[in-house]
Amino acid sequence: MNLTLSHLIALLPLLIVCVTVIVVMLGIAWRRHHVVTASLTTIGLNAALVSLLAVLTVTPIRVSPLLLVDNYAVLYMALILIAGLASTTLAHAYLEGFDDQKEEFYMLLGCSVLGGLTMVASDHMLSLFFGLELLSVPLYGMAAYAYRTRLSLESGIKYMVLSAAASAFLLFGMALLYAESGSLAFADLGARLTEGGGHASWLLMGIGMMVIAMAFKLSLVPFHLWTADVYEGAPAPVTAFLATVSKIAVFALLMRLFMSAPVTDIASLHTIVAIIAFLSMMVGNLMALRQDNIKRLMGYSSIGHLGYLLTVVVASDDLALLTTGIYLITYVATTLATFGVIALVSSPWQGSDVASLKFYRGLFWRRPYLAAVMTVMMLSLAGIPMTAGFIGKFYVLATGVEAQLWWLVAGVIIGSALSLYYYLRVMVMLYLHPTEEEQYDASSDWGQRAGGIMVILLALAVLVLGIYPQPMIMLVSSAILG
Amino acid sequence: MDLAAQLAQNWSVGVFIVAVLALCTFMVTASALLGGRAWGHNKETPYESGIVPAGSAHQRFSVKFYMVAMLFVIFDVEALYLFGWAISIRETGWTGLIGATIFIFILLAGLIYDSRVGALDWVPKRRVQPDRVHQPAQRDQADN
């Protein structure tokens with residue numbers, strides 16, 4: 001294969017992030033400087049984001065057998081880069097008080113973003129695995145970045161051990177699929193599946209093992225046990241990154257795999273994915289009811305949300321890709337702003353995060369804007385109309401109803417009803433009168449920090465998308481057509 | 001494909017799994033039932049009729065050994081990738097050469113980074129460090 005200019009343009013975002021990581025590494029080697037390192041990362045990620053406009057002129061294009069850069073990939077690349085930028089902004093404010101080497105964080109973040117970009121463009125098992133590992137391995141280091149605190153170290157190790165187990169499942173599944181189909185490309189695999197015959201049970205087992213690995217990364221029941229601990233222990237900007245980038249990349253890839261290899265036509269797999277979705281909605285929301293730690297609460301609520309989204313995989317119809325895009329955009333905006341507020345309240349780092357719910361008591365009387373942002377986010381997560389979360393949930397319900405998946409529709413409704421309790425509980429906490437206990441606050445100049453501006457912008461975006469979602473719907477539908 | 005056909009196709013795997021489990025169970029139970037068991041003070045030592053071990057098995061090695069081992073493995077594996085390029089150097093032409101050059105320069109950048117952060121120094125310069133083992137902050141204790 002010859003690498004032409006249009007191939008290089010298609011790879012531009014990947015190349016720019018790659019160069020950013022190396023420049024940041026050499027910058028650290030030359031002289032350590034927190035602000036410069038953070039700025040370099042921000043510039044690099046922004047440049048990659050801008051380069052997506054150039055990529056749009058050459059899509060769809062296949063770069064080597066491994067990567068397929070189409071509009072679908074570009075949409076999710078943009079989401080990943082925005083989430084990466086938001087995490088960088090939060091990390092800058094957060095790490096100011098960190099009493100160890102701060103700069104390597106941005107290197108790990110860049111590598112992880114690179115993995116996510118590779119994943120959403122991958123059309124081949126090899127690039128899938130490569131992207132997934134490049135996404136996950138830096139995340140172990142990021143989760144354990146404040147490694148002198150017990151919780152952070154614990155979350156890093158837990159995530160590493162369980163992720164390694166999931167990778168083993170993924171590899172074994174791929175090996176079985178390769179043994180049966182003789183190809184690692186998604187398209188060939190799909191052709192082999194529809195053809196059927198022979199050793200269909202081995203194919204099924206291979207797909208099943210891959211689903212286990214993906215379900216682990218998406219923290220779906222029964223592979224969810226790590227979620228709450230990792231969310232709680234990891235520093236808040238890392239949790240924001242983990243809850244967005246890793247979920248977007250894995251889900252976008254899962255949809256691409258299932259669209260090119262229509263495995264959900266197989267009855268048994270269809271049933272299993274539906275059961276996983278229903279259980280995730282129930283278990284995630286029920287477990288979140290009793291949490292007093294806002295990061296754990298968000299962890300369990302993310303299990304529920306991914307359960308809602310999995311309805312789309314079960315349906316696998318024309319509406320599915322549109323719903324995935326819309327739901328992921330709204331979920332990412334909301335999650336980023338929620339963890340943004342948590343990170344800002346915990347910034348600068350002082351030994352651990354401010355995550356216990358009682359420290360948010362009366363936040364409104366001290367930091368009205370921050371509390372307002374949190375309120376909008378809780379409403380959006382609960383799916384109240386006028387917020388982006390409602391649009392996402394509406395599309396999930398529409399997909400479920402159209403595919404006549406009544407059990408899952410019932411699950412979404414029951415889950416939403418349950419979730420109202422804990423989301424509103426957080427909101428009530430924000431407006432109660434503060435107690436006399438010691439208070440933990442965002443440092444008073446938080447509004448001047450880039451992080452503060454960012455969460456306000458995200459909150460505005462959530463409101464605007466909730467009231468006027470048409471541009472977002474147009475964007476996503478144009479992305480899935482190309 | 002119905003169940004009977006699947007069974008016909010995969011029965012040997014099932015038999016193998018059952019046979020493995022059966023063999024393990026047989027070996028453990030049979031030796032427990034038939035074999036004698038001697039008890040004694042010296043039975044508990046690591047080498048029953050050998051040299052009495054001295055000291056603890058939990059020796060502490062300097063973390064530097066692991067660091068060097070890791071760096072060696074990383075650069076060794078990366079050098080192995082170059083063999084793939086070396087055998088096809090004529091076929092890949094200029095594109096291959098440029099690719100390999102970029103790869104080698106990235107490795108060089110990594111090496112510079114390693115040496116600058118002191119990963120290659122056997123005896124690191126003593127840095128002025130605060131007491132950085134964090135006690136749980138007050139707010140954590142308040143939770144309990």
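Residues numbered from 1 in each chain as written. Chains lettered and ligands numbered in written order. Predicted model: local features only at pLDDT ≥ 70, side-chain atom pairs only at ≥ 80, totals over all residues.

Another point: the overall build of chain A. Secondary structure summary: chain A contains 20 helices and two strands in total. A compact globule built from 482 residues should have a C-alpha radius of gyration of about 23 Å, and chain A, at 21 Å, falls within 12% of that. Along the longest, intermediate and shortest principal axes, the C-alpha atoms of chain A span 70 × 55 × 40 Å. Within chain A, counting contacts between residues at least 6 apart in sequence, those at least 24 apart form 80% of the total. (Helix = DSSP H or I, 4+ residues; strand = E, 2+ residues; numbered from the N terminus. Rg over C-alpha atoms; globule rule 2.2 N^0.38 Å. Contact = placed C-beta atoms within 7 Å.)

All names here are of chain A. Among the nonpolar cores identified, the biggest contains 180 residues, and L79, I80, V120 and I248 are the most heavily contacted of them. For this core, the element with the most residues is helix 4 (residues 71–95), which contributes 19 residues. Once residues lying within four places of it in the same chain are set aside, the contact partners of L79 are I248, L328, I329 and V332. (Core = buried A, V, L, I, M, F, W, Y, C linked by C-beta atoms within 7 Å. Buried ≥ 20, exposed ≤ 12 C-beta atoms within 10 Å, placed from the backbone.)

Another aspect to go through is the environment of L75 of chain A. Residue and element names in this part refer to chain A. Following the sequence through the fold, L75 ends up in helix 4. The exposure class of L75 is buried, given the 23 C-beta atoms found within 10 Å. Residues L75 and I16, spaced 59 residues apart in sequence, show a C-alpha to C-alpha distance of 17 Å.

Take the UniProt feature "transmembrane region" (unreviewed entry) in chain B next. Residue and element names in this part refer to chain B. Here the UniProt feature "transmembrane region" (unreviewed entry) sits at residues 12–34, 65–87 and 93–113. Annotated as 100% helix and 0% strand, the span residues 12–34 places its first and last C-alpha atoms 31 Å apart. Secondary structure within residues 65–87 divides into 100% helix and 0% strand; the distance between the first and last C-alpha atoms comes to 34 Å. (UniProt positions renumbered as here; feature names shortened; annotations may be inferred.)

What follows deals with helix 13 (residues 294–315) of chain A. Along an α-helix, a turn takes 3.6 residues, which lines up residues three or four apart on a common side. Residue and element names in this part refer to chain A. With 22 residues, helix 13 should reach 32 Å at 1.5 Å per residue; the first-to-last C-alpha distance of 32 Å fits that figure. Taken across its 22 residues, helix 13 has 22 buried, putting it largely inside the fold. In the stretch just after helix 13, S316 is the one whose phi turns positive, near 45°. (Expected span 1.5 Å × (residues − 1).)

Another aspect to go through is unusual backbone geometry. All names here are of chain A. T59 connects to P60 through a cis peptide bond whose omega is -10°. When you line up the elements, P60 lands in the loop between helix 3 (34–56) and strand 1 (61–63). Here V221 and P222 are connected by a cis peptide whose omega angle stands at 0°. Along the chain, P222 falls in the loop between helix 9 (200–217) and helix 10 (227–233). Phi at S219 is positive, roughly 50°, even though this residue is not glycine. Structurally, the position occupied by S219 is in the loop between helix 9 and helix 10. At Q404, a position not held by glycine, the phi torsion is positive, near 60°. Classification of Q404 by C-beta neighbours within 10 Å gives exposed; the count is 9.

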